[in-house]
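Secondary and tertiary structure notes
Each chain is listed here by its residues.
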Amino acid sequence: MQCLSFAELDANVEAAWANKDAVAKLTANNKRNLSTLRQKLRRSKALYEKDLKAYAENPASYDVPFVPGSGQFEGSDEEDADDDGFVEKKRKGKKEGEEAVEETIKPEQVEGKLAEVLAERGRKNVDRKKQIATLRKLFDIAEQPALRASISLAIVTSYLDFSTSISNALPMELFKNAIEEFRSLFALLDANTKLVVRQEVPDTVEEEEMPEGVEARDSAPITLPTGPKAKALLAAAAAAAAEPTENIVTGSIVAVIERLDDEFTKIMQNADQHTNEYAERLREESSLYEMIVRAQRYYERVPQPDSMCRTMLRRVEHIYFKNQVVNDKVEEIVLKRLNEPVTSTDSAALLHTLCTHLYKNANDRVRTRALLCEMYHHALHGRYFKARDLLLMSHLQETIHQAPISAQVLYNRAMVQLGLCAFRHGYLREAQQALNELEASSRIKELLAQGVIAQRFSEKNPEQEKLERLRQIPFHMHINQELIECVYLVSSMCLEVPQYAASTFDPRKRNMVSKPFRRVFDMIERQHFSGPPENTREHIVQASKALLQGDWKRCQDLILSIKIWNLMPEKASVLEMLSKRIQEEALRTYLFTYSNYYESLSLAHLSSMSGMSVASVHGIISKMIFSEELHASLDQVTGVLLLHRSEPSRLQSLALQYTDKLGQLVDSNERTFDLRAGPQKDDRRAGDKRGQGAAGRTGGQRQQYSGAGKDYGRRDNRSGYQDRSAGGQNRRTTMAGRK
């Protein structure tokens, strides 16, 4: 019956196609559908060629009449029918089905069967395990290398089809099987250098027959040149055409690489980071990295610029967040698997080579991610000035709010790592300004894609929450949030406490350096009972109180006893830097606090009180006098600091009070607007994008350096850090007017 139906359908389609007048009257869509059906029937004839020949020789034997009322055709096997008229259907086991596949498929039918299996992808109620078993049998039967490569690529994609949604992760066992199959595909491509996997392959359109009476264009006879030289050239061209230089396989290696990388990210997201299972899954990253390196080697041999850039970007994203020791170990494992000599490689040099290629050949999106990855890697390894220069030269802080959310998350991570690097080098002001907006937003967990905060008045729908969770980075890429907060609060303490002491007696210095630090300080200060410090915040607040009173030894003990410093790279040098910086800020705080009570102070007395040398004290006081923070002069002969009192005039006092009132009014208006607009609509300061999640709404937390003062500044007019040089000019103008 199947052969009868197939033959009748083929005959009807060919008869309809032969009627040129009827075909000409069809619409373009119907004509295209008829042509597609005709081509599919022609391809399917190869599978049933033997049966169709038998039917053509004896059509009468296939014409079986149907017996009404019996539910059967004449001559059907009724031995298995029971008394009720039902026929028992025998179930075929898995092994029996596999044997049937092996018996019925011949080498010349492999291509048609492969097309049939690929056509079933994406349909409902399809047994994927059976598909993979069928493809493996086809791989064993196939003889041509190009066909074997196509089947191997189809097996890898069939494994990836087990991940049915964007939120469900692929089982780890299937992921390993896909990696192994992909490795065998690269071995096949390396063994057959003429095989080229390309995605942009032109479809082979079957030449249609011309209607009668219509001649084909360019049908004039072609006159070939004669002579021995022309014949030799024609013979060489014919020989070159007979032996093709490339055997093209339809597919995309970089698409499979990206899919495997995304599936691995989902696998790590769904694993519990506090169990051994997470470490076991993380070991498979070296196998995935090996596939990326193999793909890069392949594209170096078979140039495909766009695919090469996409592969290099994936390799960069697997390198940038690891330190030198981990990168060296991974590179050693991969080189051994590739049978290449193991050499010591600098991860910074390797990353710079990859990023340089991307800067020259990739699009803007890829270049942005490559630059942020290189900036992160430099900051992670302590190369602060290189990371800072990359940010300054790219002007990325001006356009990052227009980038995709994933790029904004990477920008936030790079800025955090830059702030931590500045802190390790002792640049506390730069560290505080790099981390200020992230800490001030109170949503640092979301901005770094390290967790989702449940908010009471959230406007996200379930789809947006699902996308937000998919954006989260795996645990092994996290930056410790407690360490970020500790670095920010300690930097703010060293900047805010001297400023607070100076503003007690001088209203002109009431500018707040860090609102988050002042908010934490006031919150703990309002507590009726304050016991011994228990967490990081309480340690820093108690140390700030001791520093404000000039007790630098207690401040040092409290700061150095924080346990989170164990996670800081170069812990010993960082703690030594903090000890010296606390002594310096304690001296500055003492001078700001008691400068109005003394006429002169001995440098030797200040040296013994602060625990620093006389030369260090002399240098600190000279900087304060030069920057006009302290109105005093130094007597080099006697080693005495002479203090000069300066009181603002009545007009200056009123102007300063008026400025303070305006600042309070602006803050009150902002708070009122935030309450009316809701908690999710107060992100204008960060160039937000409405309705794109927390990371999108903050616009990547834009920060920028101020050129003259080496500060990160905000470009809006409501708040921000002004240029140091401008601030110094304003102070000099005020002093000149007062004098």
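Residues numbered from 1 in each chain as written. Predicted model: local features only at pLDDT ≥ 70, side-chain atom pairs only at ≥ 80, totals over all residues. Heavy atoms only, no water.

**Brief notes about the overall build of the chain**
The condition is simple: A run of DSSP states H or I qualifies as a helix once it reaches four residues; a run of E qualifies as a strand once it reaches two. Both are numbered from the N-terminal end. When a residue's accessible area, from a 1.4 Å probe over protein chains only, is under 20% of the maximum for its type it is buried; when over 50% it is exposed; and in between it is partly exposed. Any two residues whose heavy atoms approach within 4.5 Å at even a single point are treated as in contact. All accessibility values rest on the Shrake-Rupley procedure with a 1.4 Å probe; residue burial counts only the protein chains present in the view.
For the chain, the helix and strand inventory stands at 32 helices and 9 strands. Counting only residues that meet the buried cut, the chain has 42% of its 739 residues in that class. Counted over contacts in the chain with a minimum sequence separation of 6, partners at least 24 positions apart contribute 66%. For the chain, the exposed surface amounts to about 42100 Å²; the carbon and sulfur share of it is 52%.

**A word on the packing of helix 7 (residues 128-141) against helix 8 (residues 145-160)**
Which entries qualify depends on this criterion: The axes used here are C-alpha line fits, helices contributing only the stretch in contact, and every angle between their N-to-C directions lies in the interval 0 to 180 degrees. An angle counts as roughly parallel when it lies under 35 degrees, as roughly antiparallel when it exceeds 145, as roughly perpendicular when it falls between 65 and 115, and as oblique in every other case. Working rule for handedness: look at the near helix, and if it is turned counterclockwise from the far one by less than a right angle, call the crossing left-handed; if clockwise, right-handed.
Packing of helix 7 against helix 8 brings their axes to within 9 Å, and their N-to-C directions diverge by 165°. With respect to helix 8, the axis of helix 7 lies roughly antiparallel. Note on packing geometry: the crossing formed by helix 7 with helix 8 is left-handed. Contacts from Ile-132, Leu-135, Arg-136, Leu-138 and Phe-139 in helix 7 reach Arg-148, Ile-151, Ser-152, Ala-154, Ile-155, Ser-158 and Tyr-159 in helix 8.

**Focus on the packing of helix 8 against helix 9 (residues 172-191)**
Note the threshold: Basically, the charged four are Asp, Glu, Lys and Arg, the nonpolar ten are Ala, Val, Leu, Ile, Met, Phe, Trp, Tyr, Cys and Pro, and anything else, Gly included, counts as polar.
At their nearest, the axes of helix 8 and helix 9 sit 9 Å apart, and the two run at 160° to each other. If you check the angle between helix 8 and helix 9, you find them roughly antiparallel. Note on packing geometry: the crossing formed by helix 8 with helix 9 is left-handed. Along the contact surface, helix 8 presents Pro-145, Arg-148, Ala-149, Ser-152, Leu-153, Ile-155, Val-156 and Tyr-159, while helix 9 presents Leu-174, Asn-177, Ala-178, Glu-181, Phe-182, Ser-184, Leu-185 and Leu-188. Here the residues of the contact of helix 8 with helix 9 sort into 11 nonpolar, 3 polar and 2 charged.

**Notes on the packing of aromatic side chains**
The cut-off we apply is this: For Phe, Tyr and Trp, where Trp contributes only its six-membered ring, two rings pair if their centres lie within 6.5 Å, and the inter-plane angle classes them as stacked under 30 degrees, edge-to-face over 60, or tilted in between.
Going through the model one piece at a time under the given rule, you end up with 13 aromatic pairs. Plain terms: the ring middles of Tyr-278 and Phe-475 are 6.3 Å apart, the flat faces sit at 85° to each other, and that makes the pair edge-to-face. Remark: Phe-475 occurs in the loop between helix 22 (462-470) and helix 23 (481-505) and Tyr-278 occurs in helix 12 (residues 276-282); sequence separation between them is 197 residues. Relative accessible area serves as the criterion here: at 5%, Tyr-278 is assigned to the buried category. For Phe-475, a relative accessible area of 40% translates into the label partly exposed. An aromatic cluster of three or more residues is present, and its members are Tyr-320, Phe-321 and Tyr-376.

**Thoughts on the confidence of the model for the chain**
Note the threshold: One confidence number per residue, pLDDT, is output by the predictor and ranges from 0 to 100.
Per-residue confidence for the chain gives a mean pLDDT of 79, with 77% of residues at or over 70. Segment residues 202-222 is flagged for pLDDT under 50; beyond a separation of four residues in sequence, or across chains, it makes 6 contacts in the model.

**Some remarks on the environment of Lys-553**
Looking at the secondary structure, you find Lys-553 in helix 26 (residues 552-560). As for Lys-553 and Ser-610, which are separated by 57 residues in sequence, their C-alpha atoms are 9.2 Å apart.

**So, the nonpolar core**
Short version of the rule: Only buried residues count toward a nonpolar core. Its members are Ala, Val, Leu, Ile, Met, Phe, Trp, Tyr and Cys residues joined through side-chain atoms within 4.5 Å.
In this structure, Ile-151, Phe-182, Ile-253, Phe-423, Met-493, Ile-559 and Trp-565 are the most contacted members of the largest nonpolar core, which totals 143 residues. A total of 13 residues in this core trace back to one element, the largest contributor, which is helix 19 (residues 405-424). Not counting residues up to four positions away in its chain, the partners in contact with Met-493 are Pro-498, Phe-517, Ile-540, Ala-543, Ser-544, Leu-547, Cys-555 and Ile-559. Counting residues in hydrophobic clusters, the runner-up holds 18 residues, among them Leu-587, Ile-621, Met-624 and Leu-641.

**Some thoughts on helix 25 (residues 536-548)**
Rules: Expected helix span is given by 1.5 Å per residue-to-residue step, counting one fewer step than there are residues.
Here helix 25 is 13 residues long and its end C-alpha atoms lie 18 Å apart, about the 18 Å a rise of 1.5 Å per residue gives. Burial runs high along helix 25: 10 of the 13 residues are buried. Every buried residue of helix 25 is listed here: Thr-536, His-539, Ile-540, Val-541, Gln-542, Ala-543, Ser-544, Lys-545, Ala-546 and Leu-547. Trailing helix 25 by a residue or two, Gly-550 shows a phi angle of about 90°, which is positive.

**Concerning a nonpolar patch on the surface**
Quick note on the threshold: In this analysis, a patch consists of residues with relative accessible area above 30% that form no salt bridge, clustered at 9 Å for like charges and at 5 Å for the nonpolar side chains Val, Leu, Ile, Met, Phe, Trp and Tyr. Each salt bridge in this description consists of a side-chain nitrogen of Lys or Arg and a carboxyl oxygen of Asp or Glu lying within 4 Å of one another.
Taken together, the side chains of Tyr-594, Tyr-597 and Tyr-598 make up a nonpolar region of the molecular surface, amounting to roughly 320 Å² of accessible area. By relative accessible area, Tyr-597 is classed as exposed at 54%.

**As for the pattern of salt bridges**
Taken as a whole and assessed by the stated rule, the structure comprises 33 salt bridges. The shortest N-O distance in the salt bridge between Arg-259 and Glu-263 comes to 3.4 Å. Here Arg-259 pairs with Glu-263, and both are found in helix 11 (residues 253-269), just 4 residues apart, close to one helical turn. Where Glu-576 meets Lys-580, a salt bridge forms, and the shortest distance between an N and an O atom there is 3.8 Å. One end of the pair is Glu-576 and the other is Lys-580, both in helix 27 (residues 571-594) and 4 residues apart, which spans about a single turn. Glu-576 sits in the partly exposed class, given a relative accessible area of 46%. The partly exposed category is assigned to Lys-580, whose relative accessible area is 48%. Each member of the salt-bridge network shares a partner with another, and the members are Glu-180, Arg-183, Glu-290, Arg-294 and Arg-337.

**A closer look at the sheet that holds strand 5 (residues 600-602)**
This is how it is decided: Should DSSP find at least two bridges between two strands, the strands are regarded as paired.
Strand order across the open sheet formed by 3 strands is 5-7-6, with antiparallel pairing between neighbours. Two strands lie at the open edges of the sheet, namely strand 5 and strand 6 (632-635), each paired on one side alone. Each adjacent strand pair in this sheet contributes to an overall mean axis angle of 20°, direction not counted. Both strand 6 and strand 7 (residues 640-643) contribute to a ladder of 4 bridges, which runs antiparallel.

**Some thoughts on the environment of Asp-272**
Take Asp-272: it is sitting in the loop between helix 11 and helix 12. When the C-alpha positions of Asp-272 and Phe-475 are compared, they lie 9.1 Å apart, and in sequence the two are 203 residues distant.

**Digging into unusual backbone geometry**
In this structure, Ala-449 takes a positive phi of about 55° despite not being glycine. Along the polypeptide, Ala-449 turns up in the loop between helix 21 (444-447) and helix 22. Unusually for a residue other than glycine, Glu-570 sits at a positive phi of about 55°. Looking at the secondary structure, you find Glu-570 in the loop between helix 26 and helix 27.

**Structural notes on empty space enclosed by the protein**
As a reminder, the rule being used: Only protein atoms enter the 1 Å grid used here, on which a cavity is any set of points holding a 1.4 Å probe that cannot leave and a pocket is any open set flanked by protein within 12 Å on both sides along at least five of seven lines; residues with an atom within 4 Å of a point are listed as lining. Grid points are joined across faces, edges and corners, and a volume is the space filled by probe spheres set on the points.
Evaluated as defined, the whole model comprises 3 cavities of 30 Å³ or more. Roughly 70 Å³ of internal volume is contained in the largest cavity. Broken down by secondary-structure element, the contributors of at least two residues to the lining of the largest cavity are helix 23, helix 24 (515-525) and helix 25. Tallied by class, the residues present in the lining of the largest cavity amount to 5 nonpolar, 1 polar and 2 charged.

**A word on the side chain of Ser-544**
Mapped onto the secondary structure, Ser-544 falls in helix 25. Accessibility expressed as a relative area gives 1% for Ser-544, which makes it buried. With sequence-adjacent residues up to four places away left out, Ser-544 is seen in contact with Met-493, Val-497, Phe-517 and Phe-521.

**As for helix 7**
Counted only if it meets this: Identification of polar contacts relies on pairs of N or O atoms within 3.5 Å, with a donor-acceptor requirement for protein atoms, meaning one able to donate a hydrogen and the other able to accept it, and with residues adjacent in sequence counted only if both atoms are side-chain atoms.
The terminal C-alpha atoms of helix 7 lie 20 Å apart, and with 14 residues this matches the ideal 20 Å at 1.5 Å per residue to within 8%. Within the span of helix 7, buried status applies to Gln-131, Ile-132, Thr-134, Leu-135, Leu-138, Phe-139 and Ile-141. The backbone nitrogen of Lys-129 lies 3.3 Å from a side-chain oxygen of the residue at the head of helix 7, namely Asp-127.

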